[in-house]
Amino acid sequence: MKAMIFAAGRGERMRPLTDTCPKPLLKVRGRPLIVWQILGLVRAGITEIVINHAHLGHMLPEALGDGSQLGAQIVYSPEASALETAGGIAHARHLLGEDPFLAISGDIYMPHFDFEQVKGVLEDNDVWGNPLPLDQRDVAWLYLVKNPTHHPDGDFALNGFTIANEGTPTYTFGNIGVYRPQMFDAITPGQRVKLGPLLREYIARGQVGGELYRGLWVNVGTTEQLEELNAPLHGA
């Protein structure tokens, strides 16, 4: 399985820090956010990693190289300007292959997430080992989290292991997902496209599964959050 880490965003709310440093390279507990994720992937045996970049993008390959020092094999997908999540995937489509891949944001802190669990979530067979019809296969598997204070209304509902556009309670998409690459084939490389509307289309068809992740998860969006994570004796 391959993984893609999104690292193209500008990080406006993190200015002035992000005026001179890409947000995923900001450090938590002495380690860049993106390195926490790379090391977690490598522990799970997911070593082929694609990283997109735009704002100050040259600094990512300068800092991470080809990934060999971290046990990974990193390739980069440069964008002239950030193409949003779905657009970034489509732009990197040729690097991701034909099998389901994991995609995560480069600015979330989740040091205890076990990436081993993402393998096999998009199996093509039913519980008896019989191939599922194409229209019954999940095209994506999302990890949801409890709603943070800055996003109290959440994004999706969860019925068992099926994501729903409506319902209660609602949870927030944790920016961790496994996708079939064919989902993005209709997007022209270089086109700016958000992931949310595309997901909602497939959710309406009943083709998106998911589960609730209850571990430590922080979408590092403000300097105050960064300072809190770096404070002495933080619970991480």
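Caption draft 1: Region of the structure containing unusual backbone geometry. Proline 169 follows threonine 168 through a cis peptide bond whose omega is -5°. You can see proline 169 is positioned in the loop between β10 (162-164) and β11 (170-179). Positive phi, normally seen in glycine, also occurs at glutamate 84, with a value near 65°. Within the element layout of this structure, glutamate 84 appears in helix α3 (residues 84-91). Of the residues examined, glutamate 84 reaches a relative accessible area of 28% and is grouped as partly exposed. With phi around 60°, asparagine 175 is a residue other than glycine that occupies positive phi space.

Caption draft 2: How the structure looks around the environment of glycine 65. For glycine 65, the location among the structural elements is in the loop between α2 (59-64) and β5 (73-78). Since its relative accessible area comes to 28%, glycine 65 is described here as partly exposed. Considered as a pair, glycine 65 and tyrosine 76 are 11 residues apart in the sequence and their alpha carbons are 9.8 Å apart. When near neighbours in sequence (up to four residues on either side) are disregarded, glycine 65 contacts Leu60, Ile74 and Tyr76.

Caption draft 3: Geometry of the pattern of salt bridges. All chains considered together, the criterion is met by 6 salt bridges. The partner of arginine 15 in a salt bridge is aspartate 19, and the shortest N-O contact between them spans 2.7 Å. For arginine 15, a relative accessible area of 43% puts it in the partly exposed group. What makes aspartate 19 partly exposed here is its relative accessible area of 31%. A salt bridge links aspartate 107 to lysine 23; the shortest N-O distance between them is 2.9 Å. Within this pair, whereas aspartate 107 is found in the loop between β6 (101-105) and β7 (108-109), its partner lysine 23 is found in the loop between β1 (2-7) and β2 (27-28), the two being separated by 84 residues in sequence. Considered together, aspartate 107 and lysine 23 belong to a single accessibility category, that of buried residues.

Calculation criteria
- Numbering of residues starts from 1 in each chain and follows the order in which that chain's sequence is written.
- It should be noted that, the model being predicted, local features are given only for residues of pLDDT at least 70 and side-chain atom pairs only at 80 or more, the latter also being counted only at that level, while totals for whole chains, interfaces and linings use all residues.
- No hydrogens and no water enter the side-chain calculation; it runs on all heavy atoms of the structure.
- Under the DSSP-based scheme used, a helix requires at least four consecutive residues in state H or I and a strand at least two consecutive residues in state E, with every element numbered from the N terminus.
- Burial status follows relative accessibility: with a 1.4 Å probe on protein chains alone, a residue under 20% of its type maximum counts as buried, one over 50% as exposed, and anything between as partly exposed.
- The contact definition used throughout considers only heavy atoms, calling two residues in contact when any of these lie within 4.5 Å.
- Salt bridges are counted wherever a side-chain nitrogen of Lys or Arg sits within 4 Å of a carboxyl oxygen of Asp or Glu.

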